[in-house]
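The chain contents come next:
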Amino acid sequence: MTTIHDFVAAARRGSESAPTTTLELLLADCHLRVNLVGEGMSGRLASGLLTSDSAGIPASEIWAFDTAGTGVKPPSPPWDRSAYQEQRDELIGFSEPPTIATWDQEFATLSIYDEPARQGVQWIRDAAGLHPGEGGAPMRNLLRWALGADDVHVLHAAAAGGVLLCGLSGAGKSTTSFACLLAGLDFTADDHCAVRIREGGVTADAIFAFSRATPETMQLLPGLNDFSADEELDWNNKKRLRVADRIVRSQAINAIVLPVRAAQTGEPRRLDPQEALRRMTVGNLLMMPGATGRTLGALRQLLEQLPAWELPVGDDLAAVADHIAALGAPQRATA
Amino acid sequence: MSSKPYRPNRLDVIDETFDGEAVIVNLVTGMYFSLTPAATELWALLADGRSIESLAASTNAPPEAITQFIEQLQAENLLVDADVDAGPAATKVEIDGEPKLERFTDMQDLLMLDPIHDINLDGDGWPVAAQQ
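Predicted model, so just to flag it, every value in this text is computed and none were measured. (Residues numbered from 1 in each chain as written. Chains lettered and ligands numbered in written order. Predicted model: local features only at pLDDT ≥ 70, side-chain atom pairs only at ≥ 80, totals over all residues. Heavy atoms only, no water.)

Examining the overall build of chain A
1) Next: A count of helical and extended segments in chain A gives 10 helices and 19 strands.
2) Next: With respect to the principal axes defined by its C-alpha atoms, chain A has extents near 55 × 40 × 40 Å.
3) Next: Looking at the 335 residues of chain A, the share that counts as buried comes to 61%.
4) Next: Expressed as a percentage of contacts within chain A between residues at least 6 apart in sequence, the contacts between residues at least 24 apart total 69%.
5) Next: For chain A, the accessible surface area stands at approximately 12800 Å², while carbon and sulfur atoms represent 46% of it.
6) Next: On chain A, the mean spot of the 29 positive side-chain charges and the mean spot of the 41 negative ones are 2 Å from each other. (Helix = DSSP H or I, 4+ residues; strand = E, 2+ residues; numbered from the N terminus. Buried < 20%, exposed > 50% of the residue type's maximum accessible area, 1.4 Å probe, protein only. Contact = heavy atoms within 4.5 Å. Areas by Shrake-Rupley, 256 points an atom, 1.4 Å probe, with all protein chains shown as cover. Lys, Arg positive; Asp, Glu negative; His and termini not counted. Charge placed at Lys NZ, Arg CZ, Asp CG, Glu CD.)

Below is the structure:
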C-alpha cells in the first residue's frame, strides 16, 4: 500500500528539478520545516507563513508540490473511491492518527500527514488552481496535524490582549482582535493560532502573516486601512491585511473570551466551564477535519486553567478593547 | 433487566468530562450532547462495558431510569454492543438526580458526512476537480 514515504519521495524527486523554498517555522516551541517545491507553490504559499531562523532537526517536515511545476506525479492513493466524503473533506479510514488525510474536492488538493513518520505532503495538479485562501493561511490542516503531534493545538481562535477569542465565524473574534490591535494591545492572530498548554500557563503563537477583515469591520475600524495588503476584496469578500510587522509572535493567555454580536457593547459575563466547552467544541472540533479527542481534551485543559467570559460586542469597539485589556491582565486570572 | 453489555461507540464518538459533567461529540452526525452529573456517572461506568443489570448493581439509580438513559444513548448511536460485561463496580456509586442527555443539533446540517457519489478519477486514481 502507498505510504507517506512514497508521497515524500515524489516531492523530493520534484525538488531535484524544480526550485524549492525551505522555510523553518517555530510555533509554540515546536519546530516545523516546510519545503515548497516548484515556483507555483513557493510563489503562492511562502508569503503567508511566519518563519523563524530555527536550525536543527524539525519535529515534523512538510512538503508541498504540484505536478505542473515539477513534472512529478504522486503515487496512487492508498484508498478507493468510496473513501471520499463531502463534508470536512475527510477520507474514510484516514480521519485520525496515525495517518490523517483530506481531499478538497472543489480544488482537487490532497493533504496527508503521518504522525509516526512526522511527515506531511500537500499535492495539487497545478499550483495555479490552489484554493485562494491558501495564500493567506497556507496548509492549515497540515500544520494543525503536525503541531498536534507535539501537543500544540491549532485552534479556531483569535489571540489578543492576553485572551483567546473563541467562537464560530461571524461571532466577532476578528473584529475584537483588531480593536485590540488598534488600541495598542498585543495582537497575535485574528482567526487561528497555535496554543500550548503547560501547567505554568497557556501561550498562543501566531502562524500566519496575513489577517482578513470584512468591509463592515474596516468601516468600524478605519485604522485598519493602514494595513491593507490589496486594493480589492479577496475570494471571501474580505480585505487582506498585512499585519506581520505588528504581530506579537507569542503571548501569554490569561482568559478565554467568547464574543457575541450585540446591538451595544456590554459588560462581560462569566461563563461556566461546561457551557464554554460546548460552545468552543462547535467551532474547534466539528468544523475541523482530523480533529479528535485530543482537541476536545485540549479545550477541557484550557478551561481548567483559564476563566471563560462572554462579551457582547457592539459598535463601541474602544470599550471592547478596554474589556479585553481588563480580562486579559494576569491578575484577573489569578483573582 | 437486560444483561446485554454496552460500551461507548469509540469509532465515532469522543467525550470529555468537566467538573462532573460530560460533553459527548458524535463526529459523524455532527451532534453534541451534554450529560447531567448522574448521567456522567453512568457514562463513566459504561467505558468498561456494562449491562443495565450491572449498572443497576453499581449505583443507586432506579433501573427504569438507567434503561431510559441507555435507550437515549442507543438512539443517538453513542453506544455499541460490548463483548464482555465488566460486572458491578467495586464501589457502589451514589447518584443524585436524573441521568439525562441534552442534545445540541445546531451543527448537524453542516456536518452530515455523506460519501461523494459522483466522483471522476483520472488514470492514476486521483479525483478530478469538481470544477474541471
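Further notes follow.
Observations regarding the state of the cysteines
Residue and element names in this part refer to chain A.
1) Next: On inspection of all chains with the given rule, the structure shows 0 disulfides over all chains.
2) Next: Unpaired in terms of disulfides, Cys180 finds its nearest cysteine sulfur in Cys193, a separation of 13 Å.
3) Next: Not engaged in a disulfide, the cysteine Cys193 finds its nearest cysteine sulfur in Cys166; these two sulfurs lie 7.7 Å apart.
4) Next: For Cys193, a relative accessible area of 0% translates into the label buried. (Disulfide = S-S within 2.5 Å.)

Details of the packing of helix 1 (residues 37-46) of chain B against helix 3 (residues 63-75) of chain B
All names here are of chain B.
1) Next: Remark: helix 1 packs on helix 3, axes separated minimally by 11 Å, with the N-to-C direction vectors making an angle of 70°. Regarding the angle of helix 1 to helix 3, the classification is roughly perpendicular. On helix 3, the residues that touch Ala39, Leu42, Trp43 and Leu46 of helix 1 are Ile66, Phe69, Ile70 and Leu73.
2) Next: Along the lines of polarity and charge, the residues of the contact of helix 1 with helix 3 split into 8 nonpolar, no polar and no charged. (Axes fitted to C-alpha atoms, helices over the stretch in contact; angles between N-to-C directions. Parallel < 35°, antiparallel > 145°, perpendicular 65-115°, else oblique. Nonpolar A, V, L, I, M, F, W, Y, C, P; charged D, E, K, R; others polar.)

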